[in-house]
Amino acid sequence: MDFSEAKRELKKLLKLTAPEHVGRLLQWVTSSEEVESLLRDNRSVILENIAEDLRASLPPDATLPSETFAATKMAQCARRTVHVDSFLLDESLVDSMCEEGKLSRSFCGHCGSTQTEELEFVSHSFSAPELRFLFLNVLPDLTGRTLVDVGSRLGAVLFGGHEFSSAARLIGVELNEDFVKLQNQIIHKYGLQGRVQALHSDVLLQGALLQSADVLVMNNVFEFFLEPQQQLRCWRFISENFRRKGCLLVTVPGVQESFSRLQETPPCDWLEELPVNYDLYLTRDPTQNESFREIHLYRVM
Ligand SMILES: C[S@@+](CC[C@H](N)C(=O)[O-])C[C@H]1O[C@@H](n2cnc3c(N)ncnc32)[C@H](O)[C@@H]1O
């Protein structure tokens, strides 16, 4: 059933529903657990299995000892910040880890014990609902297209793209070799190698790949991992090589915000922002809805 047919059927159903129950029915559709679990299809289950495999290979905070720069950046944040990877841990897992004392949402400002002030959670990966939204509601049909994820880390974008899109090629470029090994283990275990590839490389060495990409994804890729001058160098390189008219760029946060954090202005005449309908994917968790609004879509001019 396509969208128009489903809409027709829903209109029929709403006409048949007693007027005093219409409000309750609509609320149930948009915010009930029953509907949410109905929407959990096989593709989401595959992503859950991949997340479970990755959790087994990583420490609870899903960072590596080799990530010393990122650890220093986290320690410099204005509010006490910890990494909680939202591809690996959904809200219910975070809740149960907090109950078991494996994770805390707060700490004591005096002695550092986990008692009073709220901790800031940062995720270095997209969550499964964000990936679903990205591929089903933000991006167009990617049949035959090449998508490149700049800084692919655990491979969440590649695996999400494999399940929720028809992209011909999903290629991750990642600086950290340990993460590339982890991505490759998953690619081989789940037989994704026909469409998915993980490259161990600095994006600065991938001019030809950027020129061949139809879609580029940049999820908070540089802020915690590179010095401001290196970040600007990467942005400049990407804006010089990802230039084919009509190609799409997805960023978190928006390009304007990334550049203003670096106290610079984005290259002019490179991109135009396209509208995203965030209301298409409202979840019961309002903090998650906020993170969806950080996803921006641009077209190369
Ligand atoms: C926030 S994570 C992005 C995760 C992933 N794209 C996602 O959305 O789930 C950023 C990753 O980019 C990598 N990275 C940073 N600078 C890079 C560069 N110049 N070239 C390749 N990877 C880079 C980091 O090592 C880190 O793993």
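This text goes with the structure placed above it.
Residues numbered from 1 in each chain as written. Predicted model: local features only at pLDDT ≥ 70, side-chain atom pairs only at ≥ 80, totals over all residues. Heavy atoms only, no water.

Helix-helix packing: each pair is described by the crossing angle between the helix axes and the interaxial distance. The geometry of helix H7 (residues 128-138) relative to helix H8 (residues 156-164) is characterised by a closest axis approach of 9 Å and an angle of 55° between their N-to-C directions. When the axes of H7 and H8 are compared, the pair comes out oblique. Note that H7 runs across H8; the crossing there is right-handed. Counted together, Ala128, Leu131, Arg132, Phe135 and Leu136 of H7 and Ala156, Val157, Gly160, Gly161 and Phe164 of H8 form the full contact between these two elements. Across the contact of H7 with H8, the residue classes tally to seven nonpolar, two polar and one charged. (Axes fitted to C-alpha atoms, helices over the stretch in contact; angles between N-to-C directions. Helix = DSSP H or I, 4+ residues; strand = E, 2+ residues; numbered from the N terminus. Parallel < 35°, antiparallel > 145°, perpendicular 65-115°, else oblique. Left-handed = near helix turned anticlockwise from the far one by under 90°. Contact = heavy atoms within 4.5 Å. Nonpolar A, V, L, I, M, F, W, Y, C, P; charged D, E, K, R; others polar.)

The next subject is the pattern of salt bridges. The final tally for this structure, using the stated rule, is nine salt bridges. Between Glu257 and Arg261 there is a salt bridge, with its nearest N and O atoms 2.4 Å apart. Placement of both Glu257 and Arg261 in helix H12 (residues 255-261) is noted, with a separation of four residues, approximately one turn of the helix. When its relative accessible area of 34% is taken as the criterion, Glu257 is described as partly exposed. The partly exposed category is assigned to Arg261, whose relative accessible area is 42%. (Salt bridge = Lys/Arg side-chain N within 4 Å of Asp/Glu carboxyl O. Buried < 20%, exposed > 50% of the residue type's maximum accessible area, 1.4 Å probe, protein only.)

In this structure, strand E6 (residues 169-174) lies alongside strand E7 (residues 196-200), joined through five bridges in parallel fashion. Bridging across to E7, Ile171 finds its partner in Gln197. With helix H9 (residues 177-189) bridging E6 and the parallel E7, this β-α-β connection has right-handed handedness. (Pairing = 2+ DSSP bridges. Right-handed = clockwise from strand over helix to strand, strands pointing away.)

Turning to the site of the ligand, a few remarks are in order. The full set close to the ligand counts 21 residues, and His124, Asp149, Gly151, Glu174 and Asn219 are the nearest of them. Contact distances for the ligand include 3.2 Å between an oxygen atom and a backbone N or O atom of Phe126. Between the ligand and Leu175 there is a distance of 3.2 Å, counted from a nitrogen atom to a backbone nitrogen or oxygen. Of all the secondary-structure elements, those providing two or more residues to the shell around the ligand are H8 and E6. In terms of residue class, the shell around the ligand is made up of 11 nonpolar, six polar and four charged. (Near = heavy atom within 4 Å. Polar contact = N/O pair within 3.5 Å; in protein donor to acceptor, adjacent residues only side chain to side chain.)

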